[in-house]
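Architecture and fold: a report
The residues making up each chain are set out below.
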Amino acid sequence: MKIINSVSELRNEIKSLKASKGGLKDVKTGLVPTMGALHGGHLSLIEKCRSENEIVVVSVFVNPTQFGPNEDYDKYPRTLEADSKLCEKAGVDFVFAPSPRDIYDEYYFTHKETTLICPPYDVVNKLCGKSRPGHFDGVCTIVGKLFNITKCDRAYFGKKDAQQLFIIKKMVKELNFDIEIIGCPIVREKDGLAMSSRNTYLSNDARKLALNISRGLYKAKELAQKGVKEADTLIDTALAYMGGLDVEYTEIVSVDTFEKIDIIEQGPCKALMLVAARVESNGSKVRLIDNIDL
Ligand code: PAF
């Protein structure tokens, strides 16, 4: 496994590994984009990517353009050494760990602006995008850049970031990227907490409170499975578990359109309940997200 910082080096390495594996056409490259602080959720993406592709690239890059001015860009966990060990064990070929200057042009550092991929207003300015203006423009921009850099055939994303996955699929379709996007199931701790790099911010007490997010989601699903169809009732049920949390939103949307729905239809995976909530931990608020199909 090689750890690479530069775009040109990664391109050359992928090209020669492809050639050594017997030709450019049939050798598939899979990409797992991450911001590092790898956990079991990332490892499940890497495992799937490894099983489906001849070449596996994991990017580890805390992307500045997707963080707002008052967000946790500076304190986001950076654990490249541990991440690299996990990647090595998982059979990754290349860890791409660039610095912001390897990724963004000088213009970005002098003008605080760069060319962006901006998905339509209506899909980015709701749910997570409502409280994080510009977030999905930054995500799509870095993901688009990583697609161009790696020329990957497939890319793997976790379903925990459901809105992100929806937006990336839309971007790929609308911008004609010739890449298959694979969404992978949420990985949870034994007690139900969705795995997240931000869980490392949680004190023991905060972690206990954070568990109420998945508890609420599971309870709503239980009710939906018993035949309750009204979104408001299901949302109130979930919210009843979330006392002590600063809930930013709880919504039910169609998985196909990400539009809000009032009455859920029968059948698997048609409706998603999504939550974003902040938990007080060691004097600061940790923002967590989770979702469940009803
Ligand atoms: O989900 C993430 O970790 C990030 O948003 C991504 C997709 C790696 C882009 O920086």
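Given the structure is predicted, the values throughout are model-derived calculations rather than measurements.

Criteria and thresholds
- Residues numbered from 1 in each chain as written.
- Predicted model: local features only at pLDDT ≥ 70, side-chain atom pairs only at ≥ 80, totals over all residues.
- Heavy atoms only, no water.
- Pairing = 2+ DSSP bridges.
- Helix = DSSP H or I, 4+ residues; strand = E, 2+ residues; numbered from the N terminus.
- Axes fitted to C-alpha atoms, helices over the stretch in contact; angles between N-to-C directions.
- Contact = heavy atoms within 4.5 Å.
- Expected span 1.5 Å × (residues − 1).
- Buried < 20%, exposed > 50% of the residue type's maximum accessible area, 1.4 Å probe, protein only.
- Arc of directions from axis to C-beta.
- Near = heavy atom within 4 Å.
- Polar contact = N/O pair within 3.5 Å; in protein donor to acceptor, adjacent residues only side chain to side chain.
- Areas by Shrake-Rupley, 256 points an atom, 1.4 Å probe, with all protein chains shown as cover.
- Nonpolar A, V, L, I, M, F, W, Y, C, P; charged D, E, K, R; others polar.

Our focus in this paragraph is the sheet that holds strand β4 (residues 94-96). On the basis of which strands lie adjacent, the open sheet formed by six strands has the order β1-β4-β3-β2-β5-β6 and parallel pairing. Two strands in the sheet have a free side with no partner beyond their single neighbour: β1 (2-4) and β6 (180-184). Within this sheet the neighbouring strands show an average axis-to-axis angle of 25°, counted without direction. Of the strand pairs in this sheet, β1 and β4 are connected by three bridges, and their pairing is parallel. By the bridge assignment, Lys2 is partnered in β4 with Phe94. Packed on one face of the sheet, helix α2 (residues 40-52) meets β2 (29-34), β3 (55-60), β5 (154-158) and β6 and runs near 155° to β5.

With antiparallel pairing, the three strands of this open sheet are ordered in space as β7-β8-β9. The strands lining the two open edges of the sheet, one partner per strand, are β7 (246-254) and β9 (284-293). Strand after strand, the sheet turns through a mean of 15° between neighbouring axes, direction not considered. Sheet analysis places β7 next to strand β8 (residues 271-281), joined by eight bridges and oriented antiparallel. Counted as the bridge partner of Asp246 is Arg278 from β8.

Quick look at unusual backbone geometry now. The backbone of Phe258 shows a phi angle near 65°, a positive value even though the residue is not glycine. Positionally, Phe258 belongs in the loop between β7 and β8.

A word on α2. Over its 13 residues, α2 extends 19 Å from the first C-alpha to the last, a length consistent with the 18 Å expected when each residue adds 1.5 Å. Those residues of α2 lying buried are Gly41, His42, Leu45, Ile46 and Cys49. One side of α2 holds all its buried residues, which, seen down the axis, span an arc of 135°. Projecting away from the buried face of α2 at angles above 90 degrees are the exposed residues Glu47 and Ser51. Buried-residue contacts for α2 involve β2, β3, α3 (80-89), β5 and β6.

Glancing now at the site of the ligand. Around the ligand sit Pro33, Thr34, Met35, Gln66, Val139, Ile142, Phe157 and Gln164, and that is every residue in its neighbourhood. Residue Gln66 places a side-chain N or O atom 2.6 Å away from an oxygen atom belonging to the ligand. The separation between an oxygen atom of the ligand and a polar side-chain atom of Gln164 is 2.8 Å. For the ligand, whose free accessible area comes to 290 Å², the fraction covered by protein is 89%. Elements with a minimum of two residues in the shell around the ligand: β2 and α8 (135-150). Within the shell around the ligand, the residues separate by chemical class into five nonpolar, three polar and no charged.

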